[in-house]
Amino acid sequence: MTSIIKHDIHSHMLHLFEDFRAFLKGTKENVPFWDIVVLTTADEEQKIAYELQLQDKRMKKGLPESLQFHIFADKPAIKSGNGGATINSLGALYEIYGERVYEMKILMIHAGGKSQRLPSASALGKIFTALPIGEKFTQMLDLKLAIFMPFVKKMSAGVFVTCADDIVPYSLDADDANWSFENEGFTVLAHPSVVELGTKHGVYVLKDVDKLNEDKAVEMVECLRVLQKPGVESMRETNAIVRAPNSDVVYTDSAFFFDRKIARDFVEFYKTKGPVECEIDAYGDFLQALGPNSNRAYIENVSNVTRSHDNLRRTRDALYDLLEGTAINVVLLKNSKFYHIGTMKEYIENFTGNDQFAADIDLNRDNFNAYTGTRTNCSGCIIHSCLTGDSVIAESSVVEFCHFNSPVTVDANTILSNCEVTNNDVNRIHIPGQCFMHTLPVISNNRVHYVTIVLEIGTDLKTKINLNDPSCILYLGRSLFDWREDFGEIFPEGSAGYSSLWEARLFPVRPTMTESFLLALSIWINFRDGRRDELRLEGVPRLSLADVLCGKDVKSMLSYRRELYEKISSLRCENDQIHVA
């Protein structure tokens, strides 16, 4: 039976954030910390964006001064997955540090990917996503450094692997002598989840589940086998389901650690076989090979890979041979939660509608904003924005990094990100519900221009479209046949067979952020309401999301946010003086 102790996650997380801030300021000394942090990226362009943002954070004293970062990108046109990126990054670190790399404690954050399910994170990256925590917003990178800090002192040399779009709040026992990351092989974090959730995650089959200590919030046990997205019947048959007082649970995956021996094995794999050039998953292809009851049947399952070929099967086989029989130990964080914020719907739900999430991480729904005039109906989650006080933000909407001189009404279930309207002659702006809008600077004809992405919440940007029959795919409620009638050809020249909305050139390019936003909003309103003739888009260049990412101007984006920071700070200072007077 699993633990029924209820420890205070909220208080524990506050303590972690305070400790990390003190560590940054230098007031908390002699704290064991990472020797290296590795960020992996999808391509060189994303790598450059990450380097610029790390520089920005260092200038603001937002990172430990001595902390060494390395950023490694996938090769062009090759998707290596987070497993392939783990091996390739270790190979690259060995080329830099040699044998010293096996004496280091390394935090590896897989931060690549295009963020096609949450495009507001596409340009700057999911690891730099703003979280409304603290007086001023916290980035996902800050959160990762803070919440994993207590684990470093309980670690031998090795690699701790995590992803960029999940959050794991937890609490610990006062006495933590019964667990560590010092055992041989792999040591994984596990979280109690309802059985149904196990069908979407990795699930640990634990040894001696009937002997768990109810008095411990954290416990270390052996793992017999790892299941990946198993069916409920499979979980029952393998004894993965654990009896609990209110409802049965399974222990699901998040981050994991492997020791220096495994790190050495991966480096030798890299040196012998060369860089991994197929989509290897760190969870599916590493963890399923571990434990005494593992088997290699999963190797033939390619349902979750982008492209399957013989090299994938050969690499999976070789990794299974390398890892078979390796020990896997599980740190059961019995009082923990697992949250994912990698999609538009998850972003809205967790930031506006999940009171448990808000309590666990001390979420602040009014996070470093300035209002001109008295704030009245801004009840959504608002982050680092400057609005008029008479703006109306629905409770279930998120507004981040926005600057509106005119009042805005934002209906339910909407995300506004990096948007600006500074024309003083614009009346109240009405943003419909279920709307996603995000403005990005791009380099066009050697000058900075702007593109505002406008989508319905939950739009599928990844599914391939039959270009000979695009009627089944809708954008803003209309088939792509209709968009072709108004826009002309919307896919790149030479496109044939299949493509996706990610490649569709639907988003106009304008010279200012304000013009870009207002035109995108006009397209949404007019096309959704059937007033297609009211728009004049002839001769206006358009880009796809894929184009925008290739031409994005990260420096301009960061400059906009710095200027917005100064504007907010100035207005808040003025408002404070008025209140004091």
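Residues numbered from 1 in each chain as written. Predicted model: local features only at pLDDT ≥ 70, side-chain atom pairs only at ≥ 80, totals over all residues. Heavy atoms only, no water.

A.B. asks: What exactly am I supposed to notice about the sheet that holds strand β25 (residues 429-431) here?
C.D. replies: Strand pairs in the sheet, formed through backbone hydrogen bonds, run parallel or antiparallel to each other. Here four strands make up an open sheet; going across it, the order is β16-β19-β22-β25 and the pairing parallel. Strands with a single pairing partner mark the edges of an open sheet, and in this sheet they are β16 (377-378) and β25. Pairing of β16 with strand β19 (residues 392-393) involves two bridges; the strand directions are parallel. The residue bridging N377 from the neighbouring strand is V392, located in β19. (Pairing = 2+ DSSP bridges. Helix = DSSP H or I, 4+ residues; strand = E, 2+ residues; numbered from the N terminus.)

A.B. asks: Which parts of the structure should I look at to understand the pairing of strand β2 (residues 68-73)?
C.D. replies: Here strand β1 (residues 36-41) pairs with β2 via six bridges, running parallel. Residue pairing for β2: L39 is matched across the bridge by I71.

A.B. asks: When you look at the state of the cysteines in this model, what are you seeing that I'm missing?
C.D. replies: Any covalent bond linking the sulfur atoms of two cysteines counts as a disulfide. Enumeration over the complete set of coordinates arrives at zero disulfides. Free of any disulfide, C378 has its nearest cysteine sulfur in C386, 11 Å distant. Judged by relative accessible area, which is 3%, C378 ranks as buried. (Disulfide = S-S within 2.5 Å. Buried < 20%, exposed > 50% of the residue type's maximum accessible area, 1.4 Å probe, protein only.)

A.B. asks: Help me out: how do you make sense of the environment of V31 in this one?
C.D. replies: By the element assignment, V31 lies in the loop between α1 (9-25) and β1. Residues V31 and K153 lie 122 residues apart in sequence; the distance between their C-alpha atoms is 8.0 Å. Once you skip the residues sitting within four places of it in the chain, V31 turns out to touch F23 and M149. (Contact = heavy atoms within 4.5 Å.)

A.B. asks: Please clarify how the packing of aromatic side chains should be interpreted in this entry.
C.D. replies: How two aromatic rings sit relative to each other is given by the distance of their centres and the angle of their planes. With the rule as written, the count across this model stands at 27 aromatic pairs. Ring centres of Y339 and F357 lie 4.7 Å apart, and the angle between their planes is 70 degrees; this geometry places the pair in the edge-to-face category. With a gap of 18 residues between them, Y339 in strand β13 (residues 339-340) and F357 in helix α12 (residues 355-361) connect regions that are remote in the sequence. You can call Y339 buried: its relative accessible area is 9%. (Phe/Tyr/Trp six-rings, centres within 6.5 Å; stacked < 30°, edge-to-face > 60°.)

A.B. asks: Just to check I follow, could you spell out the nonpolar core for this structure?
C.D. replies: One broad rule of soluble globular proteins: the nonpolar side chains tend to lie buried together. Among the nonpolar cores identified, the biggest contains 136 residues, and W34 and F160 are the most heavily contacted of them. With eight residues, the top contributor of residues to this core is helix α14 (residues 513-528). When residues no more than four places from it in sequence are discounted, the contact partners of F160 are W34, I106, L107, M108, F148, F151, M155, F181, L189, A255, F256 and F257. Counting 57 residues, the second largest nonpolar core, distinct from the first, contains A92, F186, Y320 and L332. (Core = buried A, V, L, I, M, F, W, Y, C linked by side-chain atoms within 4.5 Å.)

A.B. asks: Before we go on, may I ask you to explain the side chain of T86 in this structure?
C.D. replies: Turning to its location among the elements, T86 is positioned in helix α3 (residues 81-97). The class of T86 is buried, set by a relative accessible area of 0%. Apart from residues lying up to four places away in sequence, T86 is in contact with M108, H110, F258, A282 and F286.

A.B. asks: Explain the sheet that holds strand β32 (residues 507-510) here, please?
C.D. replies: Across the sheet, eight strands lie side by side as β14-β17-β20-β23-β26-β27-β32-β33; this open sheet has mixed pairing. Single-partner strands in this sheet number two, and they are β14 (366-367) and β33 (542-543). The sheet contact formed by strand β20 (residues 398-400) and strand β23 (residues 415-417) spans three bridges and is parallel. Among the inter-strand pairings, E400 is bridged to a residue of β23, identified as S417. Against the sheet, α14 contacts β23, β26 (435-444), β27 (447-456) and β32, and its axis sits at roughly 30 degrees relative to β27. (Axes fitted to C-alpha atoms, helices over the stretch in contact; angles between N-to-C directions.)

A.B. asks: Is there a simple way to think about the environment of I453 in this case?
C.D. replies: Among the structural elements, I453 can be located in strand β27. Taking relative accessible area as the criterion, I453 reaches 0% and is therefore assigned buried. For I453 and S544, which are 91 residues apart along the polypeptide, the C-alpha to C-alpha distance reads 8.9 Å. In this structure I453 touches F436, M437, H438, L440, F507, L545 and V548, once residues within four positions along its chain are discounted.

A.B. asks: Whenever I open this one, the side chain of S385 confuses me. Can you help?
C.D. replies: Along the chain, S385 turns up in the loop between β17 (381-383) and β18 (386-388). In this structure the side chain of S385 is engaged in a polar contact, spanning 3.2 Å, whose partner is the backbone nitrogen of F401. The contacts of S385, once residues within four sequence positions are left out, are F368, N369, A370, V399, E400, F401, C402 and I568. (Polar contact = N/O pair within 3.5 Å; in protein donor to acceptor, adjacent residues only side chain to side chain.)

A.B. asks: Which parts of the structure should I look at to understand the pattern of salt bridges?
C.D. replies: One side chain can pair with another of opposite charge once the charged atoms of both are near each other. Tallied over the entire structure, the rule returns 29 salt bridges. A salt bridge links D176 to K154; the shortest N-O distance between them is 4.0 Å. Here the residue D176 occupies a position in the loop between β7 (166-167) and β8 (186-194), and K154 occupies one in the loop between α5 (149-152) and β6 (158-163), the gap between them amounting to 22 residues. Measuring nitrogen to oxygen at the nearest pair gives 3.8 Å for the salt bridge that ties R428 to D390. Here R428, found in the loop between β24 (420-421) and β25, pairs with D390, found in the loop between β18 and β19; they are 38 residues apart in sequence, far enough to count as distant. (Salt bridge = Lys/Arg side-chain N within 4 Å of Asp/Glu carboxyl O.)

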